[in-house]
Amino acid sequence: MADSGFIIQTLQDLVRINSVNTFLESSGKGEKDIGTYIHNCLLGLGFDSEIIDLGKNQVNVVGRWHGTGNGKTLAMNAHLDTVGVAGMTEPFAARIEGNKLFGRGAYDMKGSIAAMLGVAKQFALDKRTISGDLVLTFVADEEYESVGTQELLKNFKADGCIVTEPTDLKICLGHRGFGVYEITTFGKVAHGGLHREGVDANMMMGRVLSALDKLSIEVSKTKNNPLCGEASLHVPIIKGGQSLFIYAGECKINVERRTIPGESKNDIHAELKELLDQLSNEDPKFNASLKNLIWRNPYEVKEDAAIVKSLQRQMPSPVTDFIGHTWWEDSGLFGEAGIETVIIGPRGGGIHQSIEWVELDSVIDLSQILYNTTLDFCK
Ligand SMILES: [Zn+2]
């Protein structure tokens, strides 16, 4: 049985440790303190544990329970960092009210970390032997650039993986990816009174925005995935011009294109390039560039993958439907590394918002499901 007292106490400790990603909020403490807590906890429970310093207060922690050999290795993955705490009244109090524990990261995803440490606790108590290894991975920086999981996967092997991002205890088989692009339009700087000389880069960007608006409707209508929903596109940032009375020489936007499984980096680049080519065909003065800044693949695991089947067998009640997430997660990187990965996490709410909570009974249930899945998968 999952040790509920241990899990709740651990969760409270974890929420009380500031692990705000320093790249998102300068007052953030980073992952070192929480990583050290987890490392010590794993050692105390008889796990092999390694803390890997990534610099800049970022660490990964990898705990291993050794199997007797010849079994399948199961990895579990949770990120240590949280988003910022601006606007929160008690981000680190870890206050419990009924079945809810409140605080930054309670749901995303310290509840999951506590559930994973609860698995470690059960191994320590039950002394159950398994053939394969269980590897608990706790990583830095998922909320920013996923440096932690990228570093981990440089030298990592497993036969299956469970990413424990929140799913309200539903089995999640995949998620959308995203590409972030920079589009720049180039005008000609001139005195505001010299309309025959100046070319306004901001007005030029207006045409791009209008075309993108049409494209976003088109994309959402035509690209659909049964689990992850439709593809989408938006423009989070616009910057253009330098001053009143001067023609804008340059205007820059960022485009965020959310992709569904099956869409590739080449596909999306071609889609945006075609849009710009079209505009320059219409007007020879139109001048724009396109640059990809970030790319994250979408991910989808098959329903009959061994890890999915194994997890499905351990659910307290029969699972008939699966879900997909509209946001990207580290599971995408495990998938790229050829490790079949499924996602399951606790129930809660207020993700990235000013009041965040996790439901305690779901954290305990999750821990039991993860433990049982380990025994099944690594047997
Ligand atoms: Zn998360």
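About the criteria used
- Residues numbered from 1 in each chain as written.
- Predicted model: local features only at pLDDT ≥ 70, side-chain atom pairs only at ≥ 80, totals over all residues.
- Domains from an automatic or database assignment.
- Contact = placed C-beta atoms within 7 Å.
- Helix = DSSP H or I, 4+ residues; strand = E, 2+ residues; numbered from the N terminus.
- Nonpolar A, V, L, I, M, F, W, Y, C, P; charged D, E, K, R; others polar.
- Pairing = 2+ DSSP bridges.
- Expected span 1.5 Å × (residues − 1).
- Buried ≥ 20, exposed ≤ 12 C-beta atoms within 10 Å, placed from the backbone.
- Axes fitted to C-alpha atoms, helices over the stretch in contact; angles between N-to-C directions.
- Parallel < 35°, antiparallel > 145°, perpendicular 65-115°, else oblique.
- Left-handed = near helix turned anticlockwise from the far one by under 90°.

Chemist: Tell me what's going on with the domain arrangement of the protein, and back it up with residues and numbers.
Modeler: According to the domain assignment, the protein contains domain 1 (4-175 + 298-377) and domain 2 (177-296). The centre of domain 1, based on its C-alpha atoms, is set 37 Å off from the matching centre of domain 2. Facing 13 residues of domain 1, the contacting portion of domain 2 comprises eleven residues. If you list the elements that add at least two residues to the side of domain 1 that touches domain 2, you get strand S8 (172-175), strand S15 (299-300) and strand S16 (323-325). Residue composition of the side of domain 1 that touches domain 2, by class: six nonpolar, six polar and one charged.

Chemist: Give me the lowdown on the pairing of strand S1 (residues 48-55), citing residues and values where you can.
Modeler: As judged from the seven bridges shared by S1 and strand S2 (residues 58-65), these two strands associate in the antiparallel manner. Paired with Ile-52 across the two strands is Asn-60, which belongs to S2. Taking the residues between adjacent antiparallel strands as the criterion, S1 and S2 are bridged by two residues, where Lys-56 takes a positive phi near 50 degrees.

Chemist: Outline helix H9 (residues 360-377), supporting the account with residue identities and numerical values.
Modeler: With 18 residues, H9 should cover 26 Å at 1.5 Å per step; its first-to-last C-alpha distance of 26 Å lies within 8% of that length. Residues of H9 that are buried include every one of Leu-360, Ser-362, Val-363, Ile-364, Leu-366, Ser-367, Ile-369, Leu-370, Tyr-371, Thr-373, Thr-374 and Phe-377, and no others.

Chemist: Account for unusual backbone geometry, naming residues and giving values.
Modeler: A cis amide bond links Asp-108 to the next residue, Met-109, at an omega of -5 degrees. Tracing the sequence through the fold places Met-109 in helix H3 (residues 106-126). Although it is not a glycine, Ser-146 adopts a positive phi angle of roughly 55 degrees. Looking at where Ser-146 falls in the secondary structure, it is placed in the loop between strand S6 (134-139) and helix H4 (147-152). Taking the number of C-beta atoms within 10 Å as the measure of exposure, Ser-146 has 22 and is therefore buried.

Chemist: So what about the pairing of S8? Which residues, and what values?
Modeler: Relative to S16, S8 is paired through two bridges, and the arrangement is parallel. Each bridged residue has a counterpart across the sheet, and for His-175 the counterpart in S16 is His-325. Sheet analysis places S8 next to S15, joined by two bridges and oriented antiparallel. Looking across to S15, one finds that Gly-174 is bridged to Glu-300.

Chemist: Lay out the packing of helix H1 (residues 4-16) against H3 with the relevant residues and their values.
Modeler: Contact geometry for H1 and H3: axes closest at 9 Å, N-to-C directions at 140 degrees. Between H1 and H3, the interaxial angle falls into the category oblique. Regarding H1 and H3, the two cross each other, and that crossing is right-handed. Across from Phe-6, Ile-7, Thr-10, Leu-11, Leu-14 and Val-15 in H1, the residues of H3 making contact are Ala-106, Lys-110, Gly-111, Ile-113, Ala-114, Ala-115, Leu-117, Gly-118 and Lys-121.

Chemist: Give a description of the sheet that holds strand S5 (residues 100-102) that names residues and reports values.
Modeler: Judged by pairing direction, the sheet is antiparallel, and its four strands sit side by side in the order S4-S5-S19-S18 without closing on themselves. Of all the strands in the sheet, just strand S4 (96-97) and strand S18 (348-349) have a single pairing partner and so form its edges. Sheet topology places S18 next to strand S19 (residues 357-359); two bridges connect them, and they run antiparallel. Each bridged residue has a counterpart across the sheet, and for Gly-349 the counterpart in S19 is Trp-357. Here H3 sits on the sheet in contact with S5, S18 and S19, set at roughly 45 degrees to S19.

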